[in-house]
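Single-letter residue listing:
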Amino acid sequence: MQNDQSTIPATDPFALFEVWYGEARASEPNDPNAMALGTASPDGFPSVRMVLLKGHGPDGFVFYTNAESRKGEQIRANMRAALLFHWKSLRRQIRIEGPLSEVSEAEADAYFHSRPRVSQIGSAASDQSRPLPARHVYLDRVTALEERYPEGDIPRPPHWTGFLLSPRRIEFWSDREFRLHDRRLFTRDSEGEAWSNTLLYP
Ligand SMILES: Cc1cc2nc3c(=O)[nH]c(=O)nc-3n(C[C@H](O)[C@H](O)[C@H](O)COP(=O)(O)O)c2cc1C
């Protein structure tokens, strides 16, 4: 029988996230910051897709997107979400849930303009999630923006923005032998409140 101790310390969950994320950055072949984002429509239908983690710290976890996309509409109607990291090579999962808030315009501008010009153009040209009659229609819009802004930054479209998830639950899952896995859940009712934690049956 394996060691009876949990390998997931009952520490500050942000500090533990930092350790696991650092190990993922060192070991994952690509996109260690990729995470599934779960949102729900106003009538409660869930929907999930991948996004990239672009900021994190004690305030929470930030991603950027088009707020007029399908996810954006769901977020606008229901400012709550769930995030999921799965790092296959580490056999680890982290689940995070909580309310969302929009980042400031200054933060969104700073991140948008930190991206390569082509990425800025690609985002500005995209009516994300809406029907595209043919791929060339999108590429024509890219070309038109390239011609309109031959150099320098592209203005950030107002609907291209970031969201901060302020966690209320963070669960760490680690693979153990014979599927006797290890789970520790951290919870708090509001931001600023101390975290409680418990082990969970796998
Ligand atoms: C690894 C990966 C990372 C992605 N990162 C983002 C992202 O940071 N922001 C984003 O809007 N879409 C991102 N996408 C695309 C989304 O998964 C999705 O296709 C798009 O946002 C439209 O989703 P929606 O129709 O639910 O709004 C990513 C896709 C993959 C596979």
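The rules we used
In this numbering scheme, every chain counts its residues from 1 along its sequence in written order. Two thresholds apply to this predicted model, a pLDDT of at least 70 for residue-level local features and 80 or more for giving and counting side-chain atom pairs, whereas whole-chain, interface and lining totals are computed over all residues. To obtain the side-chain values, all non-hydrogen atoms of the structure were included, while hydrogens and water were left out. For helices the rule is a DSSP run of H or I covering at least 4 residues; for strands it is a run of E covering at least 2, with both sets numbered from the N terminus onward. Pairing of aromatic side chains requires ring centres within 6.5 Å, counting the rings of Phe and Tyr and the six-membered ring of Trp. Pairs whose planes differ by under 30 degrees are stacked, by over 60 edge-to-face, and all others tilted. Exposure categories follow from relative accessible area, calculated using a 1.4 Å probe and restricted to protein chains: below 20% of the type maximum is buried, above 50% is exposed, and the middle band is partly exposed. Criterion for a charge above a ring: Lys NZ or Arg CZ within 6 Å of the ring centre, and within 35 degrees of the ring normal. Identification of polar contacts relies on pairs of N or O atoms within 3.5 Å, with a donor-acceptor requirement for protein atoms, meaning one able to donate a hydrogen and the other able to accept it, and with residues adjacent in sequence counted only if both atoms are side-chain atoms. In what follows, a contact means two residues having at least one pair of non-hydrogen atoms within 4.5 Å. Take the buried Ala, Val, Leu, Ile, Met, Phe, Trp, Tyr and Cys residues and link them wherever side-chain atoms come within 4.5 Å; each set so joined is a nonpolar core. By salt bridge we mean one thing: a side-chain nitrogen of Lys or Arg within 4 Å of a carboxyl oxygen of Asp or Glu. Two strands are counted as paired when DSSP detects at least two bridges linking them.

Visitor: Explain unusual backbone geometry to me, using residue names and the numbers behind them.
Guide: The backbone of Arg91 shows a phi angle near 55 degrees, a positive value even though the residue is not glycine. Summarising the element assignment, Arg91 is placed in the loop between strand E5 (80-87) and strand E6 (92-102). For Phe178, which is not glycine, the phi torsion reads 60 degrees and is therefore positive. Mapped onto the elements, Phe178 comes out in the loop between strand E8 (169-174) and strand E9 (182-187).

Visitor: Got a sec to walk through the packing of aromatic side chains? Specific residues and values, please.
Guide: Using the criterion set out here, one finds 16 aromatic pairs in the structure. Summarising the aromatic geometry, the rings of Phe17 and Phe61 are spaced 4.9 Å apart at their centres and angled 75 degrees between planes, so their arrangement reads as edge-to-face. Of this pair, Phe17 sits in helix H1 (residues 13-27) while Phe61 sits in strand E4 (residues 60-66), placing them 44 residues apart in sequence. A relative accessible area of 1% means that Phe61 is categorised as buried. Measuring from centroid to centroid gives 6.5 Å for Phe17 and Trp87, while their planes differ by 55 degrees, and the two rings are tilted. With a gap of 70 residues between them, Phe17 in helix H1 and Trp87 in strand E5 connect regions that are remote in the sequence. The exposure class assigned to Trp87 is buried, which follows from its relative accessible area of 1%. Cluster of aromatic residues (ring-pair linked, three or more members): Phe14, Phe17, Tyr21, Phe61, Phe85, Trp87 and Trp195. Positioned above the aromatic ring of Trp20 is the side chain of Arg92, whose terminal nitrogen or guanidinium carbon lies 4.2 Å from the ring centre.

Visitor: Could you give me a rundown of the side chain of Thr65, with the residues and numbers involved?
Guide: Inspection of the secondary structure assignment puts Thr65 in strand E4. A polar contact is formed between the side chain of Thr65 and the side chain of Gln128, at a distance of 3.2 Å. Setting aside chain neighbours within four positions, we find Thr65 in contact with Lys71, Gln128, His159, Trp160, Thr161 and Phe163.

Visitor: I'd like a description of the nonpolar core, backed by residues and values.
Guide: Core analysis: the biggest nonpolar cluster contains 28 residues, and Phe17, Ile94, Ile96 and Phe172 have the highest contact counts within it. Sorting the residues of this core by element identifies H1, strand E1 (34-40), E4, E5, E6, strand E7 (160-165) and E8 as the ones contributing at least two each. Top element by residues in this core is H1. It accounts for six residues. In contact with Ile96, not counting residues within four places along its chain, are Phe17, Phe61, Ala81, Ala82, Leu83, Phe85, Leu165, Pro167, Arg169 and Ile170. Formed by 13 residues, the second largest nonpolar core is a distinct cluster that contains Tyr64, Ala108, Phe112 and Leu145.

Visitor: With reference to specific residues and values, describe the pattern of salt bridges.
Guide: Side-chain pairs of opposite charge can arise whenever the charged atoms involved come near each other. Within this structure, the stated rule accounts for nine salt bridges. Here Arg95 ties to Glu171 by a salt bridge, and the two come within 3.5 Å at their closest N and O atoms. In this pair, Arg95 sits in strand E6 while Glu171 sits in strand E8, placing the two residues 76 residues apart along the sequence. Glu171 sits in the buried class, given a relative accessible area of 4%.

Visitor: Quick rundown of the pairing of E1? Include the residues and the values.
Guide: The element E1 is extensively covered by neighbouring structure, given that six of its seven residues are classed as buried. Direction of pairing for E1 relative to strand E2 (residues 46-52): antiparallel, over a ladder of seven bridges. Paired with Met35 across the two strands is Val51, which belongs to E2. Connecting E1 to the antiparallel partner E2 that follows it, the hairpin turn spans five residues, and Gly44 within it adopts a positive phi of roughly 90 degrees. In this sheet, E5 lies alongside E1 in antiparallel orientation, the contact comprising three bridges. Paired with Ala36 across the bridge in E5 is Leu84.

These values are about where atoms sit, not about what they do.
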